[in-house]
Amino acid sequence: MADQNTFGIAGLLGWPVAHSRSPVIHNHWLAHYGIAGRYVLFPVPPEKLEAAVRGIATLGLRGCNVTTPHKQAIFPLVDRVDELARKIGAINTVVVEKDGTLIGFNNDGNGFIQSLRDADPKWRPDSGPIVVLGAGGAARAVVASLAAQGAKEIRVANRTLDKAQEIADAVGPVVKVLPWKQREEALEDIALLANATSLGMAGKPPLDISLDRLPKRALVGDLIYIPPETPLLAAARLHGNITVNGLGLLLNQARPAFNAWFGVMPEITPALRQAIAATF
Ligand code: NAP
């Protein structure tokens, strides 16, 4: 538990880090809850990661977020890795214990799931089959977290089939691997469609998928938040589905990290959403 009586510092380890919205989120919460502290950016190139991580406890930081390209490389540098982060194969949050022990977590998948529940409180991970498009780091976090929260069947379709198979091998038999060309027929009876590819991001081509077979009761989530409404989400909204963009993931993964570092579970308020929107 963090000591509320001293100035607390946390930050983001990555290379590059300048584009990150995490300082806006955490510094908004620090101000809102009257906590003396600051969230800062730590641009750390790969060859300096080990030295940087060794300094986290020595310098008295509360912890840090971890982003590209360090999410896997940091594994051997922390003292303990939480079970979900181990299954995901990536760490996005480090918490420093009172005795200086470094513990690695990954809150990305749970953050995405929470954002879906915020949008549709009736939906649960076991509401019905799930289709996840993509098999990169973000997909793996989402699939492992959905499985940990009780999903019964997760169909993972990816252009490179081997990468989808790697997720199935790591997560277990609830994951069914599908060739990319079967992504439309897989939609027939699902309760959630999640896009974890980079298709639809600003500057990238849109995701090519017909939603004709998608049930209208299914939730459609996109991990992308720039643009706020991807072509997939626009099509799903017109189809009648509830849609969720990736901003909810970003905000919800930050809550448990802030709580661990600063001792308050923060709320996602309209003022915070406005502060983030102002950065786009
Ligand atoms: P990644 O590891 O690079 O994975 C990219 C995925 O997109 C892979 O599955 C890749 O397929 C697929 N893809 C790329 N181009 C494609 C194409 N032309 N056709 C079909 N599939 C294609 O990236 P990541 O870190 O997992 O991130 C994935 C997305 O999630 C990104 O848009 C990222 O911005 C978003 N994200 C959002 C948050 C958030 O806070 N909201 C957090 C993390 C990630 P192959 O395996 O075949 O290459």
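Everything quoted here is computed from the prediction, not taken from an experiment.

(A) Looking closely at the site of the ligand. In the region of the ligand, 21 residues are neighbours, and Ala138, Asn158, Arg159, Thr160 and Lys163 sit closest. At a separation of 2.8 Å, an oxygen atom of the ligand approaches a polar backbone atom of alanine 138. Separating an oxygen atom of the ligand from a backbone N or O atom of serine 198 is a distance of 3.3 Å. Counting only elements with at least two residues in the shell around the ligand, the list comes to helix H5 (137-148) and helix H8 (247-262).

(B) Structural view of the sheet that holds strand S2 (residues 37-43). The strand order across the open sheet built from 6 strands is S2-S1-S3-S5-S6-S4, with neighbouring strands paired in mixed fashion. Lying at the two open borders of the sheet, with one neighbouring strand each, are S2 and strand S4 (80-81). Pairing of strand S1 (residues 8-14) with strand S3 (residues 63-66) involves 4 bridges; the strand directions are parallel. By the bridge assignment, leucine 13 is partnered in S3 with valine 66. Each of S1, S3, strand S5 (93-96) and strand S6 (102-105) is contacted by helix H2 (residues 49-58), which is oriented at about 165° to S1, the strand it contacts most. The strands touched by H8 are S1, S2, S3 and S5; relative to S5, the strand with the most contacts, the crossing angle is about 15°.

(C) A look at the domain arrangement of the protein. Along its sequence, the protein is organised into domain 1 (8-106) and domain 2 (109-247). Each of domain 1 and domain 2 has a C-alpha centre, and the two are 27 Å apart. Regarding the contact of domain 1 and domain 2, the summed buried area is about 630 Å², with carbon and sulfur atoms giving 57% of it. For domain 1, the biggest contributors to the area lost against domain 2 are Leu84, Lys87 and Ile88; these three give 71% of the whole. Inspection of the domain 1/domain 2 interface yields 0 salt bridges. For the pair domain 1 and domain 2, the interface holds 2 residue pairs in polar contact (both at pLDDT 80 or more).

Quick notes on the rules
- Residues numbered from 1 in each chain as written.
- Predicted model: local features only at pLDDT ≥ 70, side-chain atom pairs only at ≥ 80, totals over all residues.
- Heavy atoms only, no water.
- Near = heavy atom within 4 Å.
- Polar contact = N/O pair within 3.5 Å; in protein donor to acceptor, adjacent residues only side chain to side chain.
- Helix = DSSP H or I, 4+ residues; strand = E, 2+ residues; numbered from the N terminus.
- Pairing = 2+ DSSP bridges.
- Contact = heavy atoms within 4.5 Å.
- Axes fitted to C-alpha atoms, helices over the stretch in contact; angles between N-to-C directions.
- Domains from an automatic or database assignment.
- Buried area = accessible area lost by both parts, 1.4 Å probe.
- Salt bridge = Lys/Arg side-chain N within 4 Å of Asp/Glu carboxyl O.

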